[in-house]
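Geometric and topological summary
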Amino acid sequence: MTTQPKPVSCNATLIVTTHRVFQPDLNEHQTVFGGKILSLVDDSASVAAVRLTHKTVVTASFDHVSFLRPFHLDDSMILEAYVSGTGTRSLEVFVKIIGENLTTGDRFVGFTCFITYVIDDKSVTSPLPSVTPITDEQRYLCAGYPQRTAQRKERRQEQAGLNAHVTTDSPWPID
């Protein structure tokens, strides 16, 4: 019989990092390059996942990715991430990036997403601790976890069908 571990508050997994936007972060539109944002997000959010699991995790999926407002030179990007749902070997981390114009102090939500991480150890069979939301935001997001999990399962099935038709053949004709 597997016993359910003691729940952990979302805040116990919370990570906060700040990145100041500099010239090398920008694309041709003079806003932060999307790939740079995704790299920062995955790097930082994995800390929240490992904070809960205390195990090596791998990124399984990014979903509900929303680039809401661009970040500009001299903005800061305040990244917050915390675990918003758990299973046995997988867990979901919610990430938001708050932009702050450093000269005016104005703040805005510039980015949100959910990332699924999987423990990189197939021998893990005990459920992960559930998470207990503390804030209104956390309560709302955690309440939606079962629905997002069902959507991910459906997408995995669709992806399997797609994968069956994707080839590794060379795209260049070989005579």
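Above this text sits the structure in question.
One structure accompanies this document, and this report is about it.

Basis of the calculations
- Residues numbered from 1 in each chain as written.
- Predicted model: local features only at pLDDT ≥ 70, side-chain atom pairs only at ≥ 80, totals over all residues.
- Heavy atoms only, no water.
- Core = buried A, V, L, I, M, F, W, Y, C linked by side-chain atoms within 4.5 Å.
- Buried < 20%, exposed > 50% of the residue type's maximum accessible area, 1.4 Å probe, protein only.
- Helix = DSSP H or I, 4+ residues; strand = E, 2+ residues; numbered from the N terminus.
- Contact = heavy atoms within 4.5 Å.
- Pairing = 2+ DSSP bridges.
- Axes fitted to C-alpha atoms, helices over the stretch in contact; angles between N-to-C directions.
- Parallel < 35°, antiparallel > 145°, perpendicular 65-115°, else oblique.
- Nonpolar A, V, L, I, M, F, W, Y, C, P; charged D, E, K, R; others polar.
- Salt bridge = Lys/Arg side-chain N within 4 Å of Asp/Glu carboxyl O.

**Describing the nonpolar core**
Ile-37, Val-41, Phe-71, Val-93, Val-95, Ile-97 and Tyr-117 are the most contacted members of the largest nonpolar core, which has 35 residues in total. Looking at this core, the elements with two or more residues in it are α2 (34-53), β4 (75-86), β5 (90-101), β6 (107-119) and α3 (136-143). Looking at this core element by element, the count peaks at seven residues for β6. Non-local contacts of Phe-71, meaning those with residues more than four positions away in its chain, are made with Val-21, Gln-30, Thr-31, Val-32, Ile-37, Met-77, Ile-97, Ile-98, Gly-99, Phe-108, Gly-110 and Phe-111.

**Comments concerning the sheet that holds β4**
Across the sheet, which stays open at both edges, the five strands sit in the order β2-β4-β5-β6-β3 with antiparallel pairing between neighbours. The open sheet has two edge strands with one neighbour each: β2 (15-20) and β3 (57-67). Neighbour-to-neighbour, the strand axes of the sheet open up by a mean angle of 25°, direction not taken into account. In this sheet, β6 lies alongside β5 in antiparallel orientation, the contact comprising 11 bridges. Opposite Ile-98, over in β6, you have Val-109 as the bridge partner. Contacting β4, β5 and β6, α3 runs over the sheet at an angle of about 50° to β4. The sheet contacts of helix α4 (residues 145-163) involve β3, β4, β5 and β6, and relative to β3 the element is tilted by about 105°.

**Considerations on the packing of α3 against α4**
In a packed pair of helices, the relevant descriptors are the angle between the two axes and the axis-to-axis distance. With their axes 5 Å apart at the nearest point, α3 and α4 run at an angle of 40° to one another. The angle between the axes of α3 and α4 places the two elements in the oblique class. Taken together, the residues of α4 that come into contact with α3 (itself represented by Leu-141, Cys-142 and Ala-143) are Tyr-145, Pro-146 and Arg-148. Each residue belonging to the contact of α3 with α4 can be placed in one class, and the counts come to five nonpolar, no polar and one charged.

**Brief notes about the pattern of salt bridges**
Using the criterion set out here, one finds 10 salt bridges in the structure. Put simply, Lys-96 and Glu-80 hold a salt bridge, and the shortest N to O gap is 3.7 Å. Of this pair, Lys-96 sits in strand β5 while Glu-80 sits in strand β4; the two residues are 16 residues apart in sequence, bridging distant segments of the chain. Of the residues examined, Glu-80 reaches a relative accessible area of 22% and is grouped as partly exposed. The shortest N-O distance in the salt bridge between Lys-96 and Glu-137 comes to 2.8 Å. With Lys-96 in strand β5 and Glu-137 in helix α3, this residue pair connects regions lying 41 residues apart in the sequence. For Lys-96, a relative accessible area of 15% corresponds to the buried category.

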